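For reference, the chains in residue letters:
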Amino acid sequence: MAALEPDILQLNEAISRLQDSTNVTPDSHPDKLAYLNDLGSALEIRFDSFGHLDDLEQAISITRHAVDLIPEDHPNKPAHLNNLGNVLETRFDRLGRLNDLEEAISVKRQAIDLIPDKHSDKPACLCNLGNALQTRFNRLVQFDDLEEAISISFQAIGLTPDDHPYRPICLDKLGNTLKARFDHYGRLNDITDAILAMREAVDLTPDGHPDKPGRLRNIESTLEAFFGHLGQLTDPEEGITGNRQAIELTLDSHPYKPTLLSNLGNMLRARFNRFGLLDDLEEAIAANRQAVDLTPDGHADKPAKLSNLGSVLKSRFDRLGSLEDLESAIILNRQAVDLTPDGYPDKLTKLSNLGSALNARFYRLGGQDDLESTIVVHRTAVDLTPDDHPAKPARLSNLGSVLKTRFDRLGSLEDLESAIVLNRQAVNLTPDGYPDKLTKLSNLGSALNARFDRLGSLEDLESTIAVHRIAVDLTPDDHPDKPARLSNLGRALKTRFDRLGSLEDLESAIVVHRTAVDLTPDGHPDKPAKLNDLGRALKTRFDRLGSLEDLESAIVLNRQAVELTPDGHPDKPAKLNDLGRALKTRFDRLGSLEDLESTIVVHHAAVDLTPDGHPDKPAKLNDLGRTLKTRFDRLGSLEDLESAIVLNRQAVELTPDGHPDKPAKLSNLGNALQARFDITHELEDLEAACTVFTLAADQETVPPSHRLDAVQGCVNVRRRQIQLGRATFHDLIEFFDRTFSLIPQVAWLGTSITQRYEALSSIGEMVNYAVSVAIQTGNLSRAVEWMEEGRGVVWGQLLRLRSPVDNLRNHHPDLADKLQSLSHDLEAPGDDISNPPTTFCDQVSTRIKLAHDYQDVLHHIRKYDGFENFLMPKTLAELIPPRRTDGPVVMINVHDFCCDALVLYGSTEPIIHVPLPKLTFKLAESMRLCVTQSLMRGSTGSQITDMLEVLWLCVVQPILERIEDKLADSTSTHIPHITWCPTGPLAFLPIHAAGMYGRRGMPGDGMKVFDVVVSSYTPTLSALLRPPHMFADGWPSIKALVVSQPDTPGMSRLPGVLSEVSQIEKHLGGQIRHLNGEDATVQVVLRAMNEDHCQVIHLACHGLQDTQDPTRSAFLLYDGRLTLSQLMSSSLRNAELAFLSASETARGEEKLPEESIHLAAGMLAMGFRSVIGTMWDICDRDTPIVTDEVYRHLKEGCVPGGGRLKTAYALHEAVKVLRERVGESNIASWATYVHLGI
């Protein structure tokens, strides 16, 4: 039955009559107490209706008077005390004065003490005291108050039989106190007991009872909290319908109606946050607006209703982007704050809501004043919240978030450090299992990620990923925050991919983003952001792998994200920008001018929609500038280029120094200025370009690859200035010094070997140019050192990890042990670390930590006297002995600028410079293609011989002629020896087979390299730094491991393998361990290599050079691949000779010619001093011949070399025999065999 609307006129008349009666009745009159009691009750009713404080003050005064008049032993004394406590508590609710609450509790205790347990009023008084104690708990967070309130509620229920009219009240109060304890401790038994108590209270309350709506509301809000704790939302019909029923039962004039409306609005907003239904949000706004309208000005609840309405209007702004909603939200929240007295418990919550709205306006409009006001508001909330208050963690987290925002805007590291401290405090103060813990973890992860972006510390990035992974793992799949936490993790994984290049990270990011999309319902306000994140990740995978399907999917997703984002939404510009980037990428791939024009339109829109002063404005200006320059490159419009320069310059000027994106913007400006110089020939543009590239290279906190790109820009500008006579080659040296200092950082030990090779793929050309410049400036020693530093980088890292530390151990044994332990773990290619973790991401994190620890130990070692250059790049004197006894090393550098050979006879001998004017990079590349295509076609006729003749005339002949006298002086008893160290395309050419084949009347007619010298190859000079004890104890002491696969599953038969093995047995007899066929599995062979300590290993099987992933190049054994990456993780002692009788074991990877990524180099890295390999396929019938001759010459000692060069000479003689048998013209058969090492 609906409550009756109070007759206000009758109430005013009644109060007037009661006041007259009270005034004329003496205190001693027996009716005085009745008049006072009735007047106090009437005044309290009128205060509840209109909120006038005068009515409440009079009610307190009158009730206090009544208490003073009644004797202690009067049976009505407890009731008057209880009434006084109630009105004092009401004034506390209105004004927040703690002394009112303290007095209320005191007088209510007096009332209870005076009432016998069997008295009918005892339960009511107990409940009133429990209410007051819970109120004090809410204010002071003294948990003793809450425990006593719960105990009192149980006591009250125990005193009320099932049919007692006060039992529902007691049950409802018990439910409220148990829910309060749940809110602070998160114990499920508390909230389940609360729900049971509240359900019983509702069941005992008749329909039509005025308290029925309130009790329905209590149980529904408690159910919502319960399911929210479990990551669920109560059934909409169970929560929202119940509130609607309560509202329908209540007239507009009822003082409780605004509260019911406000609660309905909160539930609808929660459902909107979960499912994104706009109808829920509109109804929530309507309900909260009605709650505000029905609450009189001056009423104690008015601020809360204003704040709730402000919050739902901000939610609609977040969804639709209407500035009108946001402005209204700020006004309402500000009113709520101003109307709430200082010290009032809810004041701080309203401050936080105001701060959130101001922060949203900052993000939309970019006004710095809004951001500063937000910080002030949140800092005030933090400062006024006691450390043990349950809201403290949330307020710390809010302040941390806005300080991070100011860092994003202004770049102050102090703000970011403070944000991390505050977010960490928020996490630590939030108990495990508490619902908001994961949100605070996510905020901390975002702040750590920002510090990584600024300072580049991978530890921060690892912490970011760990924090976000915890948040994801602890969030149920149906929790509304799961998609957002997945997105945070996906972005962090993509960031690690951007830094370290691990494809597994990118694949994981895509999976995570796709899951976030799938878990976000259509129509949800966050759906566009999730689609956009997935699109960005797919575009990144296209950039890496080149699959057009990924790019097309990215464009579709980015376009959907844009279309689903309302105009005016603050995120619209960012989504437009991402769509523009994807469209430009498709233009770069397919060349469609329509895509380029669309890109420009989209980027223009993104710039126009981003307010001046917004932190994202520079990035959007930069992207628009880059796109306009691209159109200039395509169509040649100078207007486009001028606009690009203006935009790029604005982007640079608006980006703070130290910002991680500054170098990229500087480089884009430099490229545009350089392009304008090409048109106008204004030297100022060239100087300006050099300046901005130098500034970009000087940014210490950005990824090394970005700095290397900037250095490349500096080099390109200097080259132009040299051409114009405005600079000299000497001016390039400082930039090349930077290049070589950055190479180890780009190919960092903390990444896998595969990732390092990927990072090095674009460095070779710059290294070769640097060597050319060093040669041209006459600095031949530096040229050699740079050639060594810039090629075979990964092999050099492995060799340093395996370097002996005997001297260090003599002085600092603890450091030596620690360094060797770390080195051993880092030798793994990236997935074979000792005590391997269970997941890929754990492996990455472990490797990063190992690399950091390794660098820290090295830094510590280099502080000691005598160890300042410990494991630093070697100088020329350290790379070669004072005088080589093994013949010269010939390093050949190939570059567009010039081609040269450097002949090294020893560190004390002058370096001999041999210019190669007839050789060009283009010619070298054409010779490489000739070999590749001829071998693919199976043709080795005139094309190959023509190529070998060009190789002789342009490369080998000038070198041999220059050092002819020194070669003659080096030996009089046997043919001289040369170790070739070629670069670029020459690394794939058989220099040892160069010569004049059949040409008559030409200079050097009939001359071939093998007639003049014995040839060896080396990937680096460091690979030659091995002790000279090849077969030192004589042939009979040699132990050998022979692996043969005549019938590899899935491959063609190799019948010559068994004949090959018989030749080995003939020469080695019982000194070999032979693993054949099914006995030769990958693990068995690896174990034999590492445990048998054999000096010689002979592998007779199929070989494979993997062009997609060179580290997967392999020997094909019975059960699979024995890969190069597996070989690289092994280090052998006493290893002398590896004979690789398999195809393509010394071929290498065309994209990385300077790295010598092939199986033969892998055997050198394992510790073998000498390796026989093959440059291409071998003929099965030839291998027994070569094998027989090599081992015969080694066993009989009938080759020169004094121990160190026996293998090189043995192979030379063996190939000579093979050449005689198959014919010199059958070049493919005999020229494939090469010797590497010493």
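Along each chain, residues carry numbers from 1 onward, in the same order as the chain's sequence is written. Only residues with pLDDT of at least 70 are given local features in this predicted model, and only at 80 or more are side-chain atom pairs given and counted; all residues enter the totals for whole chains, interfaces and linings. By convention in this description, side-chain values take in all heavy atoms of the structure and omit both hydrogens and water.

Draft legend 1. Region of the structure containing the overall build of the protein. Helix and strand content of the protein: 52 helices and 14 strands. By definition, residues are in contact when any of their heavy atoms lie within 4.5 Å. For the protein, the proportion of contacts with a sequence separation of at least 24, taken over those separated by at least 6, is 68%. Only the protein chains shown count as covering a residue, and every accessible area follows the Shrake-Rupley method with a 1.4 Å probe. Counting only carbon and sulfur atoms, one obtains 49% of the accessible surface of the protein, whose full area is about 50,200 Å². Counting from the N terminus, the helices are the DSSP runs of H or I reaching at least four residues and the strands are the DSSP runs of E reaching at least two.

Draft legend 2. Local environment of empty space enclosed by the protein. Within this scheme a cavity is a closed region of a 1 Å grid, computed over the protein atoms alone, that accommodates a 1.4 Å probe without allowing it to escape, whereas a pocket is open but has protein on both sides within 12 Å along at least five of seven lines; lining residues each have an atom within 4 Å of a point. Grid points are joined across faces, edges and corners, and a volume is the space filled by probe spheres set on the points. For the coordinates displayed, the defined rule picks out five cavities of 30 Å³ or more. Every residue lining the second largest cavity is counted, 15 residues in all, and those nearest its centre are His992, Ser1015, His1212, Val1215 and Tyr1233. Taken together, the elements giving at least two residues each to the lining of the second largest cavity come down to strand 5 (1014-1017), helix 51 (1206-1222) and strand 14 (1233-1237). Of the residues forming the lining of the second largest cavity, the biggest block, five residues, is contributed by helix 51.

Draft legend 3. Region of the structure containing helix 7 (residues 143-158). Helices are assigned an expected span. That span is 1.5 Å times one less than the residue count. Counted at 1.5 Å a residue, the expected span for helix 7 with its 16 residues is 22 Å, and the 23 Å between its end C-alpha atoms agrees. Elements that come into contact with the buried residues of helix 7 comprise helix 6 (122-140) and helix 8 (167-185).

Draft legend 4. Looking closely at the environment of threonine 1183. In this fold, threonine 1183 is placed in helix 50 (residues 1183-1196). Between the C-alpha atoms of threonine 1183 and leucine 1218, which are 35 residues apart in sequence, the distance is 9.2 Å. Polar contacts here mean pairs of N or O atoms no more than 3.5 Å apart (in protein, one a potential hydrogen donor and the other a potential acceptor; neighbouring residues in sequence count only if both atoms are side-chain atoms). Among the polar contacts listed, one links the side chain of threonine 1183 to the backbone oxygen of aspartate 1180, at a separation of 3.0 Å.

Draft legend 5. Unusual backbone geometry, seen in detail. A positive phi is found at histidine 681, a non-glycine position, where the angle reads about 60 degrees. When you line up the elements, histidine 681 lands in the loop between helix 30 (662-680) and helix 31 (683-697). Per-residue accessibility, obtained with a 1.4 Å probe over protein chains only, is compared with the maximum for each type, and a residue is labelled buried under 20%, exposed over 50%, and partly exposed between these values. Overall, histidine 681 belongs to the exposed group, its relative accessible area being 55%. You will see that glutamate 1144, though not glycine, has its phi angle at about 60 degrees, which is positive. Relative to the elements of secondary structure, glutamate 1144 occurs in the loop between strand 12 (1137-1141) and helix 49 (1159-1166).

Draft legend 6. Spatial organisation of a negative patch on the surface. Like charges are joined within 9 Å and nonpolar side chains (Val, Leu, Ile, Met, Phe, Trp, Tyr) within 5 Å, but only among residues with over 30% relative accessible area and no salt bridge; these make up the patches. Each salt bridge in this description consists of a side-chain nitrogen of Lys or Arg and a carboxyl oxygen of Asp or Glu lying within 4 Å of one another. His is not counted here, nor are the chain ends, while Lys and Arg score as positive and Asp and Glu score as negative. To locate a charge, take NZ of a lysine, CZ of an arginine, CG of an aspartate or CD of a glutamate. A cluster of acidic side chains, namely Glu961, Glu964, Asp965 and Asp969, defines a negative patch on the protein surface. With three residues, the single largest contributor to the negative patch is helix 44 (residues 964-970). Mapped onto the elements, glutamate 964 comes out in helix 44. Residue class for glutamate 964 comes out exposed when judged on its relative accessible area of 51%.

Draft legend 7. Representation of the pattern of salt bridges. Across all of its chains, the model carries 69 salt bridges by this definition. As a salt-bridge pair, aspartate 183 and lysine 179 come within 3.1 Å of each other at their nearest N and O atoms. In this pair, aspartate 183 and lysine 179 are both assigned in helix 8, four residues apart and thus about one turn of the helix distant. Overall, the relative accessible area of 29% leaves aspartate 183 in the partly exposed class. Three or more residues are tied together by salt bridges with common partners; here these are Glu57, Arg91 and Asp100.

Draft legend 8. Fine view of the packing of aromatic side chains. Note on aromatic contacts: the rings of Phe and Tyr and the six-membered ring of Trp form a pair at centre separations within 6.5 Å, being stacked when their planes are under 30 degrees apart, edge-to-face when over 60 apart, and tilted otherwise. The final tally for this structure, using the stated rule, is eight aromatic pairs. Taken together, a centroid distance of 5.0 Å and an interplanar angle of 15 degrees make the contact between phenylalanine 740 and tryptophan 786 stacked. Of this pair, phenylalanine 740 sits in helix 33 (residues 733-746) while tryptophan 786 sits in helix 36 (residues 780-790), placing them 46 residues apart in sequence. Taken as a pair, phenylalanine 740 and tryptophan 786 share a single burial class, namely buried. Summarising the aromatic geometry, the rings of phenylalanine 1139 and tyrosine 1191 are spaced 5.9 Å apart at their centres and angled 20 degrees between planes, so their arrangement reads as stacked. Taken as a pair, phenylalanine 1139 in strand 12 and tyrosine 1191 in helix 50 lie far apart in primary sequence, 52 residues in all. Take phenylalanine 1139 and tyrosine 1191: they sit in the same class, and that class is buried. Three or more aromatic residues joined by ring pairs form one cluster here, namely Phe729, Phe736, Phe740, Tyr769, Trp786 and Phe897. Only when the NZ of Lys or the CZ of Arg is both within 6 Å of the ring centre and within 35 degrees of the ring normal is a charge said to sit over the ring. For the cation-ring pair, arginine 719 lies above tyrosine 769, with the distance from its terminal atom to the ring centre recorded as 4.0 Å. Here lysine 1008 stacks its cationic end above the ring of tyrosine 997, 5.1 Å away from the centre of that ring.

Draft legend 9. Representation of the nonpolar core. Nonpolar cores were defined as sets of buried Ala, Val, Leu, Ile, Met, Phe, Trp, Tyr and Cys residues, with membership established by side-chain atoms within 4.5 Å. Judged by nonpolar contacts, the single largest core of 109 residues is most densely connected at Ile892 and Ile959. For this core, the element with the highest residue contribution is helix 43 (residues 942-962), accounting for 11 residues. Once residues lying within four places of it in the same chain are set aside, the contact partners of isoleucine 892 are Asp900, Ala901, Leu916, Val955, Ile959, Trp980, Cys981, Pro982, Thr983, Leu986 and Ile991. Listed in part, the 59 residues of the second largest apolar core include Ala697, Val711, Leu902 and Ile1238.

Draft legend 10. Highlighting the pairing of strand 7 (residues 1072-1076). Strands are treated as partners if at least two bridges between them are detected by DSSP. Pairing between strand 6 (residues 1040-1044) and strand 7: five bridges, direction parallel. Note that in strand 7 the partner of valine 1042 across the bridge is histidine 1074. Remark: the strand 6/helix 46 (residues 1056-1068)/strand 7 crossover connection has right-handed handedness. If you view a crossover with the strands going away from you and the path from the first strand over the helix to the second runs clockwise, you call it right-handed.

Draft legend 11. Representation of the packing of helix 18 (residues 392-410) against helix 20 (residues 437-455) within the structure. Inter-axis angles, ranging from 0 to 180 degrees, are taken between N-to-C directions of lines fitted to C-alpha atoms, where helices are fitted over the stretch in contact. Across the interface, helix 18 lies against helix 20 with an axial gap of 10 Å and an inter-helix angle of 25 degrees. For the element pair helix 18 / helix 20, the angle class is roughly parallel. When the axes of helix 18 and helix 20 are compared, the crossing they make is left-handed. On the side of helix 18, the interface is formed by Pro393, Ala394, Ser397, Ser401, Lys404 and Phe407, while helix 20 contributes Lys440, Asn443, Ser446, Ala447, Ala450 and Arg454. Residues that form the contact of helix 18 with helix 20 fall into these classes: five nonpolar, four polar and three charged. In this scheme, roughly parallel covers angles under 35 degrees and roughly antiparallel covers those over 145, while 65 to 115 is roughly perpendicular and the rest are oblique. For any pair of crossing helices, the crossing counts as left-handed if the nearer helix is rotated counterclockwise from the farther one by less than a right angle, and right-handed if it is rotated clockwise. Classification used: nonpolar for Ala, Val, Leu, Ile, Met, Phe, Trp, Tyr, Cys and Pro, charged for Asp, Glu, Lys and Arg, polar for all others including Gly.

Draft legend 12. Representation of the sheet that holds strand 9 (residues 1102-1104). A sheet is described by the order of its strands in space; here three strands give the open sequence 9-10-11, paired in antiparallel fashion. Only two strands of the sheet have a single partner each, and these edge strands are strand 9 and strand 11 (1120-1123). Pairs of neighbouring strands in the sheet enclose a mean axial angle of 35 degrees, with direction left out of account. Of the pairings in the sheet, the one linking strand 10 (residues 1114-1117) to strand 11 comprises four bridges and is antiparallel in character. Across the sheet, the residue bridging to leucine 1116 is arginine 1121, located in strand 11.

Draft legend 13. Spotlight on the environment of histidine 209. Along the chain, histidine 209 turns up in the loop between helix 9 (188-203) and helix 10 (212-229). Since its relative accessible area comes to 29%, histidine 209 is described here as partly exposed. In terms of polar contacts, histidine 209 uses its side chain to reach the backbone amide nitrogen of aspartate 211, at 2.9 Å.

Draft legend 14. Up close: the environment of isoleucine 963. Within the secondary structure, isoleucine 963 is located in the loop between helix 43 and helix 44. Distance in space between the C-alpha atoms of isoleucine 963 and valine 903 is 8.3 Å, their sequence separation being 60 residues. Filtering out sequence-adjacent residues up to four positions away, isoleucine 963 remains in contact with Pro888, Val903, Tyr905, Ile912 and Ile978.

Draft legend 15. Seen up close, helix 6. The end-to-end C-alpha distance of helix 6 is 27 Å, a good match for the 27 Å that 19 residues give at a rise of 1.5 Å each. In terms of residue burial, helix 6 counts as a mostly covered element, since 15 of its 19 residues are buried. Looking one or two places after helix 6, you find valine 141, whose phi comes out positive at around 55 degrees.

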